[in-house]
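# Structure at a glance
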Amino acid sequence: KQWYQRRVRDLCSGLRNVALDFMRRYYGSYKGGVIHFANLDRVYSPAIFDKMRQVQRVGIWPTQLAREQFKCDPLTIGRYKSRRKYPLNIGSVGFSSTALLNSTLTFPATISDTAGVSGLIDGLVGGVEELEVISCYGQYVWFIPFQRFGY
């Protein structure tokens, strides 16, 4: 099972980089928009996409029913022990397309989604105070554990 999970992770990260390369090549001069690496096991409210469009660099929001990695008032990243600077769930982060596409950042293919997202965030912001909190509540994205139901 670990071998399979590692291969799927590497494939997903590789596809994310292909998408970033495509956008840089063909839409590099595009200004505005958001890049979000959506998870298959998430359900998204249409309202979150309107909120994402307002992100200037990196926006974050909680995913309902998932083990969250931040809390608000004041914003605290890393509620759980992690080696990552920004241990956020990939489904809880949106990037300004202008900021991400004008960088040379890529999604590392051999590390976890959380570690990859942490690296992208670290390359775009100077610190936690620059993260844009779209919401402190879980009203936009829900985690659905399909594997528990045999899917």
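In short, a report on the structure. (Residues numbered from 1 in each chain as written. Predicted model: local features only at pLDDT ≥ 70, side-chain atom pairs only at ≥ 80, totals over all residues. Heavy atoms only, no water.)

## A look at the overall build of the protein
- Scanning the protein for helices and strands turns up four helices and eight strands.
- When the helices and strands of the protein are listed from N to C terminus, the series reads α-β-β-α-β-β-β-β-α-α-β-β.
- In the protein, of all internal contacts separated by at least 6 residues, the share reaching a separation of at least 24 is 77%.
- For the protein, the accessible surface area stands at approximately 9100 Å², while carbon and sulfur atoms represent 54% of it. (Helix = DSSP H or I, 4+ residues; strand = E, 2+ residues; numbered from the N terminus. Contact = heavy atoms within 4.5 Å. Areas by Shrake-Rupley, 256 points an atom, 1.4 Å probe, with all protein chains shown as cover.)

## Looking at helix H4 (residues 113-124)
- Between its first and last C-alpha, H4 extends 17 Å over twelve residues, near the 16 Å set by a 1.5 Å rise per residue.
- All of the buried residues along H4 are Ala115, Gly116, Val117, Ser118, Leu120, Ile121 and Leu124.
- Those residues of H4 that are buried are in contact with strand S3 (58-60), strand S6 (93-96) and helix H3 (97-101). (Expected span 1.5 Å × (residues − 1). Buried < 20%, exposed > 50% of the residue type's maximum accessible area, 1.4 Å probe, protein only.)

## A look at the pattern of salt bridges
- Within the structure shown, the criterion is met by three salt bridges.
- Notably, a salt bridge pairs Asp50 with Arg53, separated by 2.8 Å at the nearest N-O pair.
- Linking Asp122 and Lys85 is a salt bridge whose minimum nitrogen-to-oxygen distance equals 3.1 Å. Taken together, the residues Asp122 in helix H4 and Lys85 in the loop between strand S5 (76-77) and S6 connect sequence positions 37 residues apart.
- On the basis of relative accessible area, Asp122 is assigned to the partly exposed category, the value being 35%.
- Take Lys85: its relative accessible area is 47%, and that puts it in the partly exposed class. (Salt bridge = Lys/Arg side-chain N within 4 Å of Asp/Glu carboxyl O.)

## What to know about a nonpolar patch on the surface
- Together, Phe22, Tyr26 and Tyr27 make up an exposed nonpolar region whose accessible area comes to about 360 Å².
- Along the polypeptide, Tyr26 turns up in helix H1 (residues 2-27).
- We classify Tyr26 as exposed; its relative accessible area is 52%. (Patch = residues over 30% accessible without salt bridge, like charges linked within 9 Å, V, L, I, M, F, W, Y side chains within 5 Å.)

## Points about the nonpolar core
- Membership of the largest hydrophobic core comes to 23 residues, with the highest contact counts inside it found for Phe37, Phe95 and Ile121.
- For this core, the secondary structure elements donating two or more residues are S3, S6, H3 and H4.
- Of all the elements, H4 adds the most residues to this core, at four residues.
- The contacts of Ile121, once residues within four sequence positions are left out, are Val58, Tyr86, Leu88, Val93, Phe95 and Leu131.
- Membership of the second largest hydrophobic core comes to eight residues, among which are Tyr44, Ile134, Tyr140 and Val141. (Core = buried A, V, L, I, M, F, W, Y, C linked by side-chain atoms within 4.5 Å.)

## Some words on the packing of aromatic side chains
- Enumeration according to the criterion identifies four aromatic pairs in this entry.
- Taken together, the aromatic side chains of Phe37, Phe95 and Phe107 make up a single cluster linked through ring pairs.
- Above the plane of the ring of Phe107 lies Arg16, whose end atom (NZ or CZ) is 4.7 Å from the centre. (Phe/Tyr/Trp six-rings, centres within 6.5 Å; stacked < 30°, edge-to-face > 60°. Lys NZ or Arg CZ within 6 Å of the ring centre and 35° of its normal.)

## As for the sheet that holds S3
- An order of S1-S6-S3-S7 is seen for the four strands of this open sheet, with the pairing classed as mixed. The sheet is open, and its two edges are formed by strand S1 (34-35) and strand S7 (132-133), each paired on a single side.
- The pairing of S1 with S6 spans two bridges and is antiparallel. Looking at S6, one finds that Val34 is bridged to Ser96.
- Across the sheet, H4 lies against S3 and S6, angled at about 40° from S6, the strand it touches most. (Pairing = 2+ DSSP bridges. Axes fitted to C-alpha atoms, helices over the stretch in contact; angles between N-to-C directions.)

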